[in-house]
Structures are given as C-alpha cells and as structure tokens.
Amino acid sequence: MESYSISSPLRVAIVGCGPKGFYSLERLCHELSTLSSKQKVEITLFEPTGYPASGAVYDPKQPHYLRMNFASRHVDAWLREETEIDAAYPQPTFVQWLKKQYPLFSDPDGFAPRALVGEYLYWCYQQVALHLPERVTLRWKRDKVIDIVRQKTAWTVLSENGQTNDFDEVLISTGHGGWHAAANSRQLPTALHLTSIDCIFPTEEKLSESAVPPDAKTAICGFGLSCMDAILALTEGRGGTFHCEDHRWSYQPNGQEPSVILPFSRTGRPMLAKPIPACVCLPTTINSVWQAGRNQLRQMATQSQTTQFKESLWPVILQTAKNAFWIIEDRPESAQDECNPVADWFEHWIQTEADDQASHAALKQSYRVATGQTLPDEAWALGETWRQLYPALIECVNHGKLAEAEWEEFHLIAREMERIAFGPPAENVGRILALIELGIVDLSGLRGHLRTTKHYATIITQTFRCEVDCLINAIIPASNDHSPDSLLGKLLERGALRKMPGAGGIEVDPAARPLNAKGETMQGLAVLGRPTEGCILGNDTLNRRLHTLPSEWAKQIAEKTASQKEPCVVH
Ligand SMILES: Cc1cc2nc3c(=O)[nH]c(=O)nc-3n(C[C@H](O)[C@H](O)[C@H](O)COP(=O)(O)OP(=O)(O)OC[C@H]3O[C@@H](n4cnc5c(N)ncnc54)[C@H](O)[C@@H]3O)c2cc1C
C-alpha cells in the first residue's frame, strides 16, 4: 500500500457522478464518518451535467413522458444496513419523498417519470453534501474528463477544458458515457431525401419537430426500450394524449405526429410487458419454488471454482420456471414430469424470427398477463423466474466465476431474457398497442431492411414497402463499445485496464480495482457500473442492493486513511 502523510489530505476523484458515482460518494462519507482518523480527505466530483447523482439518464429537466422501467417502490438511494438505522439526517425512500413533493405520483407500484427520480437523487446528493464528516471537503467540477494518466505517486486527471489535477485515488463511474451514438450508427444509410438521427437522447432536441417534422414517414431502427421512448416522444411529446379505462389504452392525436412510425429490428421479437404485481394473482406456495431455485444456484456457486451455464445453471432456471408454471396451472403431481412447456416455449421463441403479426400478438398477450386479464403463461413463468433468481445468478457469474467458454451461450440467452424479463412497464405496452390500433405505429416493416438509392430510402419486406423521410437509430451503445478516443478507450489502449476474456467487460476485483493488461491490480484506480458489465452482471441499475462494489471500495479508501500515522512532532 502506498504511504500518505496525515498532514497532507488524501485526494479522491469521482469521475462521472450519476447514481453509481453518488452511491460511492455516500458510502465513502459513511465509512469516513465511522472510522476514527484525523486524516483529511478532499473529494472532487467531475460531472458535466447540472445535477450530480441524477446525471444524464435521470436528468430532472427531461420530459415526463420518459418513464421509469421499474416501479417506484424499488427506488431507494440509501443502503439501510441494519447497523445504520439511525441516520444523522433524513434518508427517505423515493416513495416517501414523492409523498411529500409529488403526492400525485406516489403510488409505490407506479412507474414515475425519470425526471422525478433525478430530482430525488439530486436532493439526496444535496443531503450528503450538507452533512459531510468533519475531515472531508467536497467540490464539484462541472467538467468532462478526457484522460487519466498514472504518474509516479498520483493519477493526473485531465479535463476537457484543459485543466489537470492530481489525485491519490480515482474512481471512474461514467456509466453510459453521457449521450452518444452507438457504433452501428456510423453505418447509418444516407439518401438525399432522408434525415438520419443517430441517437434519440435528449429527445427534446434529437426528436424535435424540426428534426422529425409532423407527417414525416419515420422508421425506427431497434425495437427495444429506447424505441418505446422515441415513439412516446413523437406522440405524447407532441401534445397527443393517452387515456386508460379498464386496462384499455386509447390515444387522442393532436396532428403533430409523424404520419407513420415504422419500427424494424434484426429479430422482430418484442420486449414483453413487465407484470403489475397487484394484478397477477399468485398462490403463496410459489415463493418456495423461487427459494428452492435460488438455493440450488447458490449451492453451485459455492461448490465449485467455476460454473457452467448451459449444463448447470440454465437447467435450474428452466426447471424452476416449469415448477412455477405448474403451480399456476394447478396441475396434479403426476402430470408434472412429462415435459417442460416453459422450455418448449423458449425454444420456439428463440428459433422464430417474429413477423409483425406474431410480434403484435406477443405484445398483446404479455399486456393481458401483466394486467391480470388472463392467467400467467409460460413467458411469464420464465420471466418471473429470471427476475426472482437474478441475485443468485449474479453470484454464479460475477468475477470470472462463469467458465470462459460458456460466455457465448450465456450472452445469447441473457440477451433474450432481457426481452422476456426486463421489458417496459405494462402501461407503456398499453400505450404502444393503442398507437398500433390507430395506425400511427405500424409493425408491417418490423422484419424489414432499409434500402437506399441516391435519393430515397425504403423499408422493404417480402410483402411490404414504404418510402421513409426520417430514420431514427434507437439502439444505445453496447456496454463494451469504447471508441479509441474515449476515456476508457484510452486507458484500455494503454493497458491500464483490460477486458475480461469471454465476459467482455472491464475486469475488476470485488472492491472495483481494475486489472491491467498484465493482470496486476491497479492501485489508486477503480471502475464501477456499466463498463464492467460481464465481469459484474446486471450492474447498470439503480438497485443498490445487488452489488457491493461501492461499499467495498469505500471501505478500502477509509481504511487507508485510518492506517496513517500521526506525524512526528519535533521540538
Ligand atoms: C434510457 C434509459 C432508461 C433507463 N431506465 C432504467 C430504469 O428504469 N431502472 C433502472 O434501474 N435502470 C435504468 N436504466 C439504467 C441506468 O443506466 C442506471 O439506472 C443508472 O443510470 C446507472 O448509473 P451510472 O452512474 O452507472 O451511469 P450513468 O447514469 O450513465 O451516469 C454516469 C455519469 O457519468 C457522467 N460522465 C460520463 N462520461 C464522463 C466523463 N468523461 N467525465 C465526467 N463525467 C462523465 C455522465 O454525465 C453521467 O452523469 C436506464 C438507462 C437508460 C439509458
């Protein structure tokens, strides 16, 4: 461990202060307040947006039609460990905060606007900044960092405005890296009469009426969550209104929408609606099914050095889903072992490239299940199993636990499970279904491709063709898509970081310390969040309880200050 004198402060930089940067800051302040040491600590945040803790994804100024992807009851900026129940200042959950600030949005099962989550996170940041431990100073630089370079005893952080600052510890939590276009947009087709939009965020700017004029025939590349955000920006964001009665959504256009919106994607498979827990009636016995599945996975994680996905973990998931499905179907014991309808359903799902009708039918069915209009089906059983077993799955996969050769198969299935388990809230699926019914969203070109001539661009399938005026890329950059001139791209290029073989994400230890190209742990540096995806599973989330890296990092830093010796006093 490097040595610091207690007379000079420990200089800590947090580069990128979205939710994860904030969680790390909060943990560090907590650890520093509980450990007794006189060592001063200077923390500097580098965050270019106007709101530390909310960052770009939860920008409080974004329009309210951009909603959360999970229910408000799951949003909580505080860790609430048993030992720290008596907090020194107010630490409300999101729902408690909403009850005071925005009572109309305070339904725990509601999907609040992302802007409100951003306001809440920023408020939480202000509480931490107001209640710093005595030996801590905090400053926020509204700068983008463009490079971090190792010097002999420190790390030099270089900002876009040309400033350099030295630090003993640097944590990189740049998440999505701010809004930027995905690698695939570099090959977006061009034509004289086609406007191409490489990225949908911020929607107010990228999808404004001047960018996508009313009446434009508009193609959207990608049929995931960002596609839904884009569709809502082009309809509700243009002043149209949605109404819901008895789980049936309708839309009142206001004339400013594109004449037609045509999503298209590689597989055509949609993201299924996330069930509303209060609407899906489940027997309590089902909890023992989830518990048994979790136990089995955890046993595998502890019993062997590495885990196998296709042969070990996946069969447990399928079997658990089958057990859950039979409970819902109320089938007698004897019928239970004959086949696995959930496995059969998944096999069919993954083998089939969905055309417009199949995709529409899957969306409708998932909406009906999610809202309790029909009994849970095989897709629900598999999605719910994935959600319920996910924390245990993380333990089987993280930090290279999953054998390197298993990653290709794992990626394939995990990508599919994103569609099945982590889709949009049911209400957004309801809105999209209303737009399909009105013909504003048309799935006819779903499995199509875009053909361009010098002048025109056309969406074409075997049975459908439509000339389009605008093309919107609604694919967000992959977690390991680091261009060579980006901050992480440069660190990777110089060998200060490396990607985990198979998994693909930046390799870190449990305290977020990265390994360099030689496999050595990099002291004084840490990387958290989305860029480590794969080495750490599912960490692009607001959920604080799935991963302990910010806590472990903070403990290490605090211990560093506690181990400093008092300077000798010479008389
Ligand atoms: C459209 C969208 C919707 C989502 N919805 C949900 C949801 O409903 N629920 C959920 O759990 N998760 C959701 N997510 C995932 C979301 O990314 C995480 O919840 C969360 O934002 C991760 O936090 P983070 O701090 O790791 O990354 P980010 O939120 O991306 O924050 C990173 C921060 O780093 C800053 N930064 C980037 N580059 C630099 C640089 N070079 N120098 C200095 N600062 C920099 C950025 O300004 C940003 O503030 C969504 C993601 C997207 C893109």
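A quick note: this is a predicted structure, and the numbers were derived from the prediction, not measured. Within any chain, residue numbers begin from 1 and follow the written order of that chain's sequence. Where local features are concerned, this predicted model is filtered to residues with pLDDT of at least 70; where side-chain atom pairs are given and counted, the filter is 80 or more; whole-chain, interface and lining totals use all residues. The basis for every side-chain value is the complete set of heavy atoms in the structure, and neither hydrogens nor water enter the calculation.

Engineer: Looking at this structure, I do not really get the site of the ligand. What am I missing?
Structural biologist: Proximity is defined per residue: if any heavy atom of the residue lies within 4 Å of a molecule or strand, that residue is considered near it. Lining the immediate environment of the ligand, one finds 32 residues, of which Glu47, Tyr58, Asn69, His176 and Asp540 sit closest. Polar contact criterion, stated in full: a pair of N or O atoms within 3.5 Å, where within protein one must be able to donate a hydrogen and the other to accept it, and residues adjacent in sequence count only if both atoms are side-chain atoms. At 2.6 Å from an oxygen atom of the ligand is found a side-chain nitrogen or oxygen belonging to Asp540. Only the protein chains shown count as cover for residues, and the accessible areas themselves come from Shrake-Rupley with a 1.4 Å probe. Here the ligand has 970 Å² of accessible area as a free molecule, and 93% of this is covered by the chains.

Engineer: Just to check I follow, could you spell out the domain arrangement of the protein for this structure?
Structural biologist: Reports of interface size often rely on the accessible area that becomes lost once the parts have come together. As far as domains go, the protein holds domain 1 (10-55 + 133-179 + 479-562), domain 2 (189-271 + 434-473) and domain 3 (286-421). An automatic or database domain assignment supplies the residue ranges for each domain. Computed over C-alpha atoms only, the centres of domain 2 and domain 3 are separated by 32 Å. Taken together, the 15 residues of domain 2 in the interface contact 18 residues of domain 3. Between domain 2 and domain 3, roughly 1,500 Å² of surface is buried when both sides are summed, and carbon and sulfur atoms account for 54% of that area. When the area that domain 2 buries against domain 3 is broken down by residue, the three leading residues are His247, Arg269 and Pro270, summing to 44%. The term salt bridge refers to a side-chain nitrogen of Lys or Arg lying within 4 Å of a carboxyl oxygen of Asp or Glu. Applying the counting criterion to the domain 2 and domain 3 interface returns one salt bridge. Residue contacts are defined here by distance: any two heavy atoms, one from each residue, within 4.5 Å place the two residues in contact. Note on definitions: buried area is the accessible-area loss of two parts on being combined, 1.4 Å probe, summed for both.

Engineer: What is the right way to look at the state of the cysteines in this model?
Structural biologist: Here, the word disulfide means a covalent bond between the sulfur atoms of two cysteines. Disulfides are defined as pairs of cysteine sulfur atoms found within 2.5 Å of each other. A complete count under the given rule lists zero disulfides for this structure. Sulfur of Cys244: no disulfide; nearest cysteine sulfur belongs to Cys279 and is 10 Å away. As a non-bridged cysteine, Cys470 has Cys466 as the owner of its nearest cysteine sulfur, 12 Å distant. According to the relative accessible area criterion, Cys470 is buried, its value standing at 1%. Here's how the labels work: a residue is buried when its accessible area is under 20% of the maximum for its type, exposed when over 50%, partly exposed in between, all with a 1.4 Å probe on protein chains only.

Engineer: Please clarify how the packing of aromatic side chains should be interpreted in this entry.
Structural biologist: Within a pair of aromatic rings, the relevant descriptors are the distance that separates the centres and the angle that separates the planes. Two aromatic rings, drawn from Phe, Tyr or Trp (for Trp, its six-membered ring), form a pair once their centres lie within 6.5 Å of each other, and the interplanar angle then sorts them: stacked below 30 degrees, edge-to-face above 60, tilted otherwise. Within this structure, the stated rule accounts for 23 aromatic pairs. Ring centres of Phe325 and Trp326 lie 5.8 Å apart, and the angle between their planes is 40°; this geometry places the pair in the tilted category. Pair check on accessibility: Phe325 and Trp326 agree, each one buried. Each member of the aromatic cluster is reached from another via a ring pair, and the members are Phe309, Trp314, Phe346, Trp386, Tyr390, Trp407, Phe410 and Phe422. Cation placement over rings: the criterion is NZ of Lys or CZ of Arg within 6 Å of the ring centroid and within 35° of the ring normal. We note Arg431 situated over the ring of Phe242; from NZ or CZ to the ring centre the distance is 5.7 Å.

Engineer: Sorry, what's going on with the pattern of salt bridges here?
Structural biologist: Side chains carrying opposite charge are able to pair once their charged atoms draw close together. One pass over the full model with this rule turns up 23 salt bridges. Across the pair Glu416 and Arg269 runs a salt bridge whose closest N-O atoms are separated by 2.8 Å. Linking Glu416 in helix H11 (residues 407-421) with Arg269 in the loop between strand E12 (260-264) and helix H6 (286-303), this pair joins segments that are 147 residues apart in sequence. There is no split in this pair, since Glu416 and Arg269 are both buried. A run of DSSP states H or I qualifies as a helix once it reaches four residues; a run of E qualifies as a strand once it reaches two. Both are numbered from the N-terminal end.

Engineer: Mind showing me how you'd approach the packing of helix H1 (residues 19-34) against helix H14 (residues 549-562) here?
Structural biologist: A packed helix pair is summarised by two numbers, namely the angle formed by the two axes and the spacing between the axes. In this description, a line fitted to the C-alpha atoms serves as the axis of each element, helices being fitted only across the stretch in contact, and the angle between N-to-C directions of two axes falls anywhere from 0 to 180 degrees. Viewed as axis vectors pointing N to C, H1 and H14 meet at an angle of 40°, and their least axial separation amounts to 8 Å. In this view, H1 runs oblique relative to H14, as classed from their interaxial angle. The crossing of H1 and H14 is right-handed. Contacts between H1 and H14 involve Tyr23, Ser24, Arg27, Leu28, Glu31 and Leu32 from the former and Pro550, Ser551, Trp553, Ala554, Lys555, Ile557, Ala558 and Thr561 from the latter. Ten residues, namely Ala, Val, Leu, Ile, Met, Phe, Trp, Tyr, Cys and Pro, are considered nonpolar, four, namely Asp, Glu, Lys and Arg, are considered charged, and the remaining ones, Gly among them, are considered polar. When its residues are assigned to classes, the contact of H1 with H14 shows eight nonpolar, three polar and three charged. Each angle gets one of four labels, with under 35 degrees taken as roughly parallel, over 145 as roughly antiparallel, 65 to 115 as roughly perpendicular, and the rest as oblique. Here a crossing is taken to be left-handed if its near helix is turned anticlockwise relative to the far helix by less than a right angle, and right-handed if that turn runs clockwise.

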